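Fold and contact review
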Amino acid sequence: MKYEPWDPALAAEIIGRHASLDGATLPILHALQETFGYVDREAVPMIAEALNLSRAEIHGVVTFYHDFRSAPAGRHVVKLCRAEACQSVGAVELADHAKRRLGVDWHGTTFDSRITLEPVFCLGLCACGPAALIDGEPVSGLDAAAFDAAVAELRA
Amino acid sequence: MIRIFVPKDAQAVALGADKVAREVERVAAERGETVTIVRTGSRGLFWLEPMVEIETADARIAYGPVKPTDVVSLFNAGWLAAGEHPIRVGRPEEIPYLARQTRLTFARCGLVDPLSPDDYVAHGGYAGLKRTLEMLGRPEGQTAIVDEVKASGLRGRGGAGFPTGIKWSTVLLAEADQKYVVCNADEGDSGTFADRMLMEGDPFSLIEGMTIAGLAVGATKGFIYIRSEYPHAFRTMTDAIAAATKAGYLGSSVMGSGRAFTLETRLGAGAYICGEETSLLDSLEGKRGMVRAKPPLPAIKGLFGKPTIVNNVLSLATVPWIMANGAKAYADFGIGRSRGTLAFQLAGNIARGGLVELPFGPPLRELIEEFGGGTRSGRPLRAVQVGGPLGAYFPQELLDTPLDYEAFAAKGGMVGHGGIVVFDDAVDMAAQARFAFEFCAAESCGKCTPCRIGSTRGVETIDKVTAGIEPEKNLTLVRDLCEVMTDGSLCAMGGLTPLPVLSALNHFPEDFRRAPALMAAE
Ligand SMILES: Cc1cc2nc3c(=O)[nH]c(=O)nc-3n(C[C@H](O)[C@H](O)[C@H](O)COP(=O)(O)O)c2cc1C
Ligand code: SF4
Ligand code: FES
């Protein structure tokens, strides 16, 4: 995934494009994150002004939801499922392996800024777990070897 | 021109369906075969995915699971003429897993092109809306439609099982300048994927159901709130809305009736609590997803303070079938007060995971053993969690419990959204109880103390138990915490977390007594 460096003018344009939607806050935050890979602090007052809400309100929304990052992610994002159905086929062990392999904890990014590891509670792929979304692409039936292979592909 | 159907359901894609589609296209071109590849949803037989179907003169013939490396040999075997091959499974409808089902809500899923309104209509779609529009032309038309939904016995498929017709009737009777229909597509429960499958495989049935709901109660605008963990469902649903609008099924004059109904999709942002309907409404309004106190009901004061129908994907997507076939035909399925069918979802440690739509009432064992084929690991089954993270863990001894709302509740369980998660004997039930508290602590909206603080205390206390620190005293504390959470929580997040915890404790006490007891003084 390729993200733009933070750019207030581009952010203003994105905010403007979504501001007239009903309940525009989440659509704006998603659009910003999609473009920049995270939601920059500077965006908060800009959104507040566009939607005629307080900064505190927007800040509250950004921090309430697990999806929104406050710092740029690595070039690739691996969202690993932690929920029960995946647990029943080894997701806990897989998560431990993934953390060791990448040298990060949840939400951490590898030293080379390549890969960010995020937890997720269910991807609706529960019949063939353990599951993950790698840069938005679904993968299932993961084990340690399949995880390592996927990571090697991201680093290639 | 031979049509080849390859699923683009997210589960099928996770198993390689996109690669298979590309390889089929490549090999067909190489051999000069003129084929059209149609990307469908999934039939829900996931152990056979990617399952590719070939259209022959009299039937579709399925092959699966297809790997990209199988494609050349499939062409060599003459699959375009239904030729023999080790992975040929024959007519999908004759596979026992599918043949034994009653597909009403999922009748078209995996069969049709999800983005073609024409294909939808060719397979019986929009018959329900047509009848709805006819009924609207008669006096008391709206009441008659709501009565039809009431008479079907349809209860909310999101978990709580509230009668859908009664909810609609409240919204119909509410006076307002604007009303809304909101579809809850947050499907946060682990072990569930029916909403996802339907949105990816037959999105027009949801669009039609919401349109009928809107016309029935006088709402002109609808929103579908889809969790961000479902990027594929979000794209398909958004594209299907555009296609339906273009074809005149949505917009200022639905099917030329002069009546308006429009739809928009919205993306959640990774918060389980936003599946709770009032939290979802706050989220849709652009706020933090805090649970609201009820009353007022969303049916009276919902989205932006206006009367709002909030229904699960499957509740809404079942309405077209009911309107097309009549309330009685639907109510004839099921048992007791659980009428119609439920889309059960077989997940976790299961040999044949997938979607099984059946009339209410089969015993849990039938689903797991006859459909699911037992555990995937081949080891003995030890526990089953039904109804998502807030559902109880059942031991072997309770597997004969029939799957209907009341019978399941009588055994301390919850059918919920129909997710069935199987665990083999490697499971540590103390760890599962701990996870239930941990999940609640992570996902609580934070409004009430018992839920917010109690769940964190729960994690710490279970840790003490498993470390062998005063286990009896701490287990008593776990039970006390559960009681406080049950009694003092505003919504089912805090209120039902005790269900998995206590069922683990009651049915599997040995797992909580593994550590050698330490002295209290240590
Ligand atoms: C914590 C919590 C999470 C919920 N998650 C969902 C969900 O993901 N999908 C859903 O349809 N209902 C969910 N519900 C139930 C909704 O609050 C509500 O009952 C439902 O959307 C009503 O629609 P229905 O009557 O068609 O089921 C949840 C409830 C709670 C308390
Ligand atoms: S029980 Fe938990 S999630 Fe529900 S309202 Fe209270 S704090 Fe929020
Ligand atoms: S529990 Fe992992 S995908 Fe559903």
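As a starting point, this report considers the structure included with it. The residue count restarts for each chain, going from 1 along the sequence in the order it is written. Chain letters start at A and ligand numbers start at 1, both assigned in the order the entries are written. Local features in a predicted model are, by the rule used here, given only for residues with pLDDT of at least 70; side-chain atom pairs are given and counted only at 80 or more, and totals for whole chains, interfaces and linings are based on all residues. Processing note: side-chain calculations cover all non-hydrogen atoms of the structure and skip hydrogens and water entirely.

Thoughts on helix 17 (residues 429-443) of chain B
Residues and elements named next belong to chain B. Its 15 residues give helix 17 an end-to-end C-alpha distance of 21 Å, which sits within 8% of 21 Å, the value for a rise of 1.5 Å per residue. Under the scheme applied here, a residue whose accessible area is under 20% of the maximum for its type counts as buried, over 50% as exposed, and between as partly exposed, the area being computed with a 1.4 Å probe on protein chains only. The helix count covers DSSP runs of H or I at least four residues long, the strand count covers runs of E at least two residues long, and both are numbered beginning at the N terminus. Every buried residue belonging to helix 17 is among Met429, Ala430, Gln432, Ala433, Phe435, Ala436, Phe437, Phe439, Cys440 and Glu443, and all of these are buried. Structurally, the start of helix 17 carries an N-cap: the backbone nitrogen of Ala430 is 3.0 Å from a side-chain oxygen of Asp428. How far a helix is expected to stretch is found by multiplying one less than its residue total by 1.5 Å. Residues adjacent in sequence count toward polar contacts only when both atoms are side-chain atoms; beyond that, a polar contact is any pair of N or O atoms within 3.5 Å, and within protein one must be able to donate a hydrogen and the other to accept it.

A short note on the site of ligand 1
All names here are of chain B. The near set for a molecule or strand comprises every residue that places at least one heavy atom within 4 Å of it. Taken together, 19 residues lie around ligand 1, and Gly158, Asn184, Asn311, Asn312 and Ser315 are the ones closest in. Residue Arg157 places a main-chain N or O atom 3.3 Å away from an oxygen atom belonging to ligand 1. Contact between ligand 1 and Asn311: an oxygen atom at 2.7 Å from a side-chain N or O atom of the residue. Across the complex, the protein chains shield 91% of the 610 Å² of accessible surface that ligand 1 would expose by itself. Mapped by element, the contributors of at least two residues to the shell around ligand 1 are strand 9 (308-312) and helix 20 (492-496). The element best represented in the shell around ligand 1 is strand 9, accounting for three residues. Partitioning the shell around ligand 1 into residue classes produces five nonpolar, eight polar and six charged. Computed with the Shrake-Rupley method and a 1.4 Å probe, the accessible areas treat only the protein chains shown as cover for residues. Only Asp, Glu, Lys and Arg are considered charged, only Ala, Val, Leu, Ile, Met, Phe, Trp, Tyr, Cys and Pro nonpolar, and every remaining residue, Gly among them, polar.

Topic: the interface of chain A and chain B
By the convention used here, residues are in contact when the closest approach between their heavy atoms is within 4.5 Å. The interface of chain A with chain B comprises 37 residues on the first partner and 61 residues on the second. Summed over both sides, the interface between chain A and chain B buries roughly 3,600 Å², with carbon and sulfur atoms accounting for 56% of that surface. When a carboxyl oxygen of Asp or Glu is within 4 Å of a side-chain nitrogen of Lys or Arg, the pair counts as a salt bridge. For the pair chain A and chain B, the number of links is two salt bridges. A salt bridge links Glu438 of chain B to Arg82 of chain A, with the shortest nitrogen-to-oxygen separation between them at 3.0 Å. In this structure, the connection of chain A to chain B is made through 23 residue pairs in polar contact (both at pLDDT 80 or more). Looking at the side of chain A that touches chain B, the elements that each hand over two or more residues are helix 2 (25-36), helix 4 (55-64), helix 5 (84-87) and strand 4 (137-139) of chain A. At four residues, the largest contribution of residues to the side of chain A that touches chain B is made by helix 2 of chain A. Residues that form the side of chain A that touches chain B fall into these classes: 21 nonpolar, eleven polar and five charged. When two components associate, each loses some accessible surface as probed by a 1.4 Å sphere; the sum of these losses over both components is called the buried area.

Digging into the sheet that holds strand 4 of chain A
Residues and elements named next belong to chain A. One bridge is not enough; two strands pair if DSSP finds at least two bridges between them. Across the sheet, four strands lie side by side as 2-1-3-4; this open sheet has mixed pairing. Both edges of this open sheet fall to strand 2 (115-120) and strand 4, since each of them pairs with a single strand only. Taken over all neighbouring pairs, the strand axes of this sheet differ in orientation by 25° on average, direction set aside. Axis definition: a line fit to C-alpha positions, over the contact stretch in the case of helices; interaxial angles, taken between N-to-C directions, run 0 to 180 degrees.

Side note on the environment of Leu490 of chain B
Residues and elements named next belong to chain B. Mapped onto the elements of the fold, Leu490 is located in the loop between helix 19 (471-488) and helix 20. Sequence spacing of Leu490 and Pro509 is 19 residues, and the spatial spacing of their C-alpha atoms is 29 Å. Every residue in contact with Leu490, bar those within four places of it in the chain, is listed here: Val291, Arg292, Ala293, Lys447 and Cys448.

Points about the site of ligand 2
Taken together, the neighbourhood of ligand 2 is formed by 13 residues, with Cys445, Lys447, Cys448, Cys451 and Cys491 of chain B sitting nearest. Its residues placed into classes, the shell around ligand 2 shows eight nonpolar, four polar and one charged.

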